[in-house]
Structures are given as C-alpha cells and as structure tokens.
Amino acid sequence: MAIHGDVVIGIDIGTTSTKAVVFDEQGRVLASHAIDYPIIQPHPGFAEQDPEELFAAVIQAVGAVTIRHGIRPEQVKAMGLSAAMHSIMALDGSGRPLTRLMIWADNRSVAQAERLLKEQNGLDIYRRTGTPIHPMSPLPKLLWLKEKQPDVFRQARWFVSVKDYVLYRLYGDYIADHSLASATGLFRLDTLDWDEGVLSFLGISREQLPRLVPAIHILQGMKKEWADKMGVSADVPVVIGASDGVLANVGVGAVLPGEAAITIGTSGAVRTIATKPTTDEKGRTFCYALTPGYWVVGGPTNNGGILLRWLRDEFGAQEREVAKKLGMDPYDLLTKYAERVPPGSEGLVFLPFLSGERAPYWNANARGTFFGLGLHHRREHLIRAVMEGVCFSILSVALAIRDATGPMSEIRVSGGFAKSPFWRQMLADMLGKPLIVPQTHEASALGAAAVALHALGELPSLEMVKPWIGTMARHEPNEAHTLIYAELFDLYARLYERLKEEFDVIAAFQRRNG
C-alpha cells in the first residue's frame, strides 16, 4: 500500500539488525523493515561484525521500505541516523577495512582495561571522557590492537565506528557525531574534542580520527549509486544523529532532567537526561552527549533478553516443541512457567553475568551464578530467577544513577522485554516505582527521526516529541513484592562483592581452557 505525504526515515544500526522506520511528521510509524546480520565470534571473548554487511543492511533496509510502500524521493523530508555504541575498526588509506568491527560485546581487551585502570589513572580518564574503563570501550580495544596486532595498527590510516564507516561509504567523508565519539573514551566532555592526552598515550593522531560534529549536523550530496538503491534523492538531508542509547531516551519521551528510560533488549540500559556533563565519583555510570546542551547519564548492562534466548536455545527444547504444537511463541511459554513461581523464586538468586558485566561493576570477569539452589527448585524457578536477575542488574544501575543525578521522577520502558506484561510488572516491583510503557517499540529510530526534524528547525525543542508518544500501559509496584526484592537485592549485591575475586579465578581458567 502506497504511503502519501511527507515522511521522515529513522535508520537504527543495531547489534543484530538494521531497521529503517518510516514516520510521518507526528511521529506515527507508517512502515518499517529490518535486515539481520550475525555476530562473529572467532575466539572466546571476541565479538566482531563485517562492516560491509552492516553497510549493505542500511542500503537494503531503506530501499525495502521506499520501494515496497511506493515512497517517492521527494516525499522523504529527511533521514536520521542511530547506531550502536563502542564499535571500532581500522581502515587503510583507501578506506578499505584492515579489521572487522570490534563491537561493544567484545571483551578481548580485559588485560588492557585492567592496566588502564591501575597504571594509567583510568578514573581520571573516565572523569574527562565520561566513558568507564572497560573492554566494551574503543580505548582498550585500540590498545589491544596496538599490542597484539602491531602491523595492522601501524598500517591504519583511520580508526572509525560503524556509523562513521557508513557515512564514509555514502559521502566519502570521515565524520563522527559528538554522541558516538563521547562513548569511545577518546573524547573530552568539557571541550567536545578528542582528548590529546589519551591520543598521545595510544600513539595515534587526531588526523586518524573523523572530524567531529554535533548530532544536528546535516549532510547532503550522497553518492548517486547509493541514493538510487535506497530510493531517495542524493540531496535528501541526512542528519548524523547520535547513539542508539541516547536516542532511545528521545524516542520514549524521557527528555527532561529526572525522566529515566530503561531499555531491555539483547542487553539493557538505564539512562536519564542532564543539562551538563555529569560523572560518578566511583566511575559507575557513563555520560554521553545528545544534542547541544543535553547529556545522557546512565549505565548499560550486558545481560538482558539474551539470557532468555540462552535458556530457550540451550535448555528449552521441550518448551519449543510444546510452543510449536500450541502455536505459541516459546518466550511466552517460558514466561507462563515463570508466572507459577512467587517473587523471589523461593530463595533462588541469579547473578546474570553470563557475558561479564558493565554498569555498575564494569567487570568483564563477572560470571553467571545461581545461589540458593535446592531440590525444591524446578525448571520454572530457574526461568523466573533469570528474569529477576536481569531486573536486579537494572536496579543496581538505577541506584548508581540516582547517586549521580538525584531521584528519578518518571520511568519509561522499552525494548523487547516491554512486550511482556509479566516482566514489566516484575521490574516495577523491583524498582518500587511506577513504570510507563510508551506505545512505540522503535525508540531509537523515532529518536533519530525527531532529531532530524529538530535539525531542520521543524521541531524547535525535543520536548515537543512527548505528544507523539502515547501510553500503552502503566504498572504500579506491588509493595509486598518490593519488600521481598529489597531483601534479596541486598543479598545480590553482597554476593557480587564476595565472589569478585573468585570470578577472576574462574575467568582466567576459562580463558586458558577456552
């Protein structure tokens, strides 16, 4: 069915797929298309992607929505870009990749991150850059590349993120937005420029990094080959946008100080808006740029919906078969099993660190742990404990953000988990606060579209995005459940502290025997 009238396209380059979402000028979703791609894991701890696959996904996703829905080039008022944070790769002088993209989930630089913290005043680097010292960050990844692949490091003419590479292919220019740059560990919050001290330590120059621009920067003059394949004009305004995390705040309407957004997709995150750069004295939270004058303070977790996928794939063969016979989604069946179990999983606590952990611990050696397991526990207890463990990790981040920025006045949730009323209620109970569920499930793409209109002057303030976003549901916390979870969260936090040294031991064993 053809779409009429002017549209804005939000492009969200995510961890497992790229989505092109078509919006009208009131933020209503008119069409969308996603292209999936794999994460390549050639060695334990590595997480890479093929930059050409991701670039092709951008072209194909936009082309699919314009062609399928009869959208003419002159209808596309603007396109806005969102991209996952922390990716880095090396290019030669001709712009050809020398490496794959190392993405946020890549933990190969554990040793380099530990040395940065202990020997290079890592906490000072964090306070200047707003990016915690952790293997997710491009800073230790670049140090790993320098030490482990020195020939590649020397050959590199450019170091870029996935969005930088896409823009280079589209426009032939190396350019990076303040938002993604502020998630590299190489960017100073106070000057909005590359950090000369960090660059000097790494042995790279600012000429090897893209030119920096704010999120509202507009590009035009796209290479005709790609414009034609996407079904848009070469002169369509493309607004560089920001990272997927900060744009998700815009896309759910959490755009004022004290308003928080919680996203649980493959991983998870808690974020709130600040009007000045704000870091945490203990280094637990990040601070990333949004648009001029707005910052997002928050913390990401490694372990969100990916843990339910792990349960389904590794232990859920029976559930998959039953769900198939019943015509159900296997995830819905897993959730129904979890609903049979009372809050607290009858004394089973799960530390959900199957992929290490980022905020608030920033410990790549952290490992998953079931504590309190007894003969009375069944499969459904483990399922519920895993879901509760994800919520405990979100609560730990929310408490760290509260210490840095003050109480949260409003919490809005999005991501795959938001499709489950049961899981949403569990999180409301855990936080002890009401949760608002916006109608959109495409928060980052909507945020990118809103910033695009903001850059064109058609959305004078990002606050004006709020009327776009209806409320699908609201969850009030169950006070009795909140008390149970408060007791167990204290245990959860103590368990982490007591197991921290043992995590180092088992992680070293796993690396030796991987």
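Above this note sits the structure.
Cut-offs used in this document
Residues numbered from 1 in each chain as written. Predicted model: local features only at pLDDT ≥ 70, side-chain atom pairs only at ≥ 80, totals over all residues. Heavy atoms only, no water. 1 Å grid on protein atoms, 1.4 Å probe; cavity = no way out; pocket = protein on both sides within 12 Å on 5 of 7 lines; lining within 4 Å. Points joined across faces, edges and corners; volume = space filled by probe spheres on them. Helix = DSSP H or I, 4+ residues; strand = E, 2+ residues; numbered from the N terminus. Nonpolar A, V, L, I, M, F, W, Y, C, P; charged D, E, K, R; others polar. Pairing = 2+ DSSP bridges. Contact = heavy atoms within 4.5 Å. Axes fitted to C-alpha atoms, helices over the stretch in contact; angles between N-to-C directions. Parallel < 35°, antiparallel > 145°, perpendicular 65-115°, else oblique. Salt bridge = Lys/Arg side-chain N within 4 Å of Asp/Glu carboxyl O. Buried < 20%, exposed > 50% of the residue type's maximum accessible area, 1.4 Å probe, protein only. Phe/Tyr/Trp six-rings, centres within 6.5 Å; stacked < 30°, edge-to-face > 60°. Core = buried A, V, L, I, M, F, W, Y, C linked by side-chain atoms within 4.5 Å.

Asker: Where do I start with the layout of surface pockets in this structure?
Answerer: Leftover empty space is mapped by rolling, across the atoms, a probe with the size of a water molecule. Reported here for the largest pocket is a volume of approximately 1,400 Å³. Together, 47 residues line the largest pocket, and Ile264, Gly265, Thr266, Gly415 and Gly416 are the ones closest to its centre. With 4 residues, the single largest contributor to the lining of the largest pocket is helix H13 (residues 330-339). Counted by class, the lining of the largest pocket contains 17 nonpolar, 19 polar and 11 charged residues. When its volume is computed, the second largest pocket comes out at roughly 1,200 Å³. Around the second largest pocket, the lining is made up of 37 residues, and of these Gln41, Pro44, Gly45, Asn107 and Leu354 lie nearest the centre.

Asker: How do you make sense of the sheet that holds strand E2 (residues 17-23) when you look at a structure like this?
Answerer: Two orientations exist for strands paired in a sheet by backbone hydrogen bonds: parallel and antiparallel. In space, the 6 strands of this open sheet follow the order E3-E2-E1-E5-E14-E13, with mixed pairing throughout. Because the sheet does not close on itself, it has two edges, and the strands there are strand E3 (29-36) and strand E13 (218-219). In terms of strand pairing, strand E1 (residues 7-13) meets strand E5 (residues 76-83) through 7 bridges, oriented parallel. Bridging across to E5, Ile11 finds its partner in Leu81. Its contacts with the sheet put helix H1 (residues 51-68) on E1, E2, E3 and E5, and the angle it makes with E3 is roughly 145 degrees.

Asker: Sorry, what's going on with the packing of H13 against helix H14 (residues 379-405) here?
Answerer: Each pair of packed helices can be summarised by the angle the axes make with each other and by the distance between the axes. It is at 8 Å that the axes of H13 and H14 come closest, and there the two elements cross at 100 degrees. With respect to H14, the element H13 is oriented roughly perpendicular. Within the contact between the two elements, H13 uses Leu334, Thr335, Tyr337 and Ala338 and H14 uses Glu380, Ile383, Arg384 and Met387. Looking at side-chain class alone, the contact of H13 with H14 contains 5 nonpolar, 1 polar and 2 charged residues.

Asker: Looking at this structure, how should I read the pattern of salt bridges?
Answerer: For side chains of opposite charge, pairing can occur when their charged atoms come near one another. Following the criterion strictly, the structure yields 33 salt bridges and no others. Taking the shortest distance from any N to any O, the salt bridge between Arg379 and Glu319 comes out at 3.2 Å. Here Arg379, found in helix H14, pairs with Glu319, found in helix H12 (residues 317-326); they are 60 residues apart in sequence, far enough to count as distant. Of the charged contacts, one joins Asp403 and Arg402 as a salt bridge, the two residues approaching to 3.5 Å between their closest N and O atoms. With relative accessibility at 46%, the residue Asp403 sits in the partly exposed group.

Asker: Could you clarify how one ought to interpret empty space enclosed by the protein in this entry?
Answerer: If you walk through the whole model with that rule in mind, you get 3 cavities of 30 Å³ or more. What the largest cavity holds in volume is close to 120 Å³. As for the largest cavity, its lining consists of 15 residues, of which Ser161, Asp164, Leu180, Thr184 and Trp194 are closest to the centre. When contributions to the lining of the largest cavity are tallied by element, the ones reaching two or more residues are strand E8 (158-160) and helix H7 (178-181). Partitioning the lining of the largest cavity into residue classes produces 10 nonpolar, 4 polar and 1 charged. If you add up the space inside the second largest cavity, you get close to 70 Å³. Of the residues that constitute the lining of the second largest cavity, the class distribution is 8 nonpolar, 4 polar and no charged.

Asker: Explain the packing of aromatic side chains here, please?
Answerer: Working definition: an aromatic ring pair is given by the centre-to-centre distance plus the angle between the planes. According to the stated counting rule, one finds 20 aromatic pairs in the structure shown. Judged by centre distance (3.7 Å) and plane angle (15 degrees), the rings of Tyr361 and Tyr496 are stacked. Remark: Tyr496 occurs in helix H17 (residues 479-512) and Tyr361 occurs in the loop between strand E19 (349-351) and strand E20 (369-371); sequence separation between them is 135 residues. Just as Tyr361 is buried, Tyr496 falls in that class too. Feature note: the residues Phe353, Tyr361, Phe392, Tyr485, Phe489, Tyr492, Tyr496 and Phe503 constitute an aromatic cluster, connected by ring pairs.

Asker: How do you make sense of the environment of Lys148 when you look at a structure like this?
Answerer: Structurally, the position occupied by Lys148 is in helix H4 (residues 138-148). You can call Lys148 exposed: its relative accessible area is 53%. Counting along the chain gives 336 residues from Lys148 to Ile484, while the straight-line C-alpha distance between them is 48 Å.

Asker: What is the right way to look at the environment of Ala323 in this model?
Answerer: As for its position among the elements, Ala323 is in helix H12. The class of Ala323 is buried, set by a relative accessible area of 0%. Note: C-alpha distance between Ala323 and Thr266 (57 residues apart in sequence) is 22 Å. Discounting residues that sit within four places of it in the chain, Ala323 has contacts with Met328, Asp329, Pro330 and Leu333.

Asker: Just to check I follow, could you spell out the nonpolar core for this structure?
Answerer: Of all hydrophobic cores here, the largest spans 137 residues; its most connected members are Ile13, Met79, Leu170, Met222, Ile262 and Leu427. Sequence-distant contacts of Ile262, that is, excluding residues within four places in its chain, are made with Ala269, Val270, Ile394, Ile411, Arg412, Val413, Ser414, Leu427 and Leu431. Core analysis: the second largest hydrophobic core is formed by 28 residues, Met102, Ala156, Ala176 and Val198 among them.

Asker: Help me understand the side chain of Thr301, please; the structure alone is not making it clear to me.
Answerer: Here Thr301 is to be found in strand E18 (residues 295-301). Every residue in contact with Thr301, bar those within four places of it in the chain, is listed here: Ser267, Gly268, Ala269, Glu357, Arg358, Ala359, Ser393, Ile394 and Val397.

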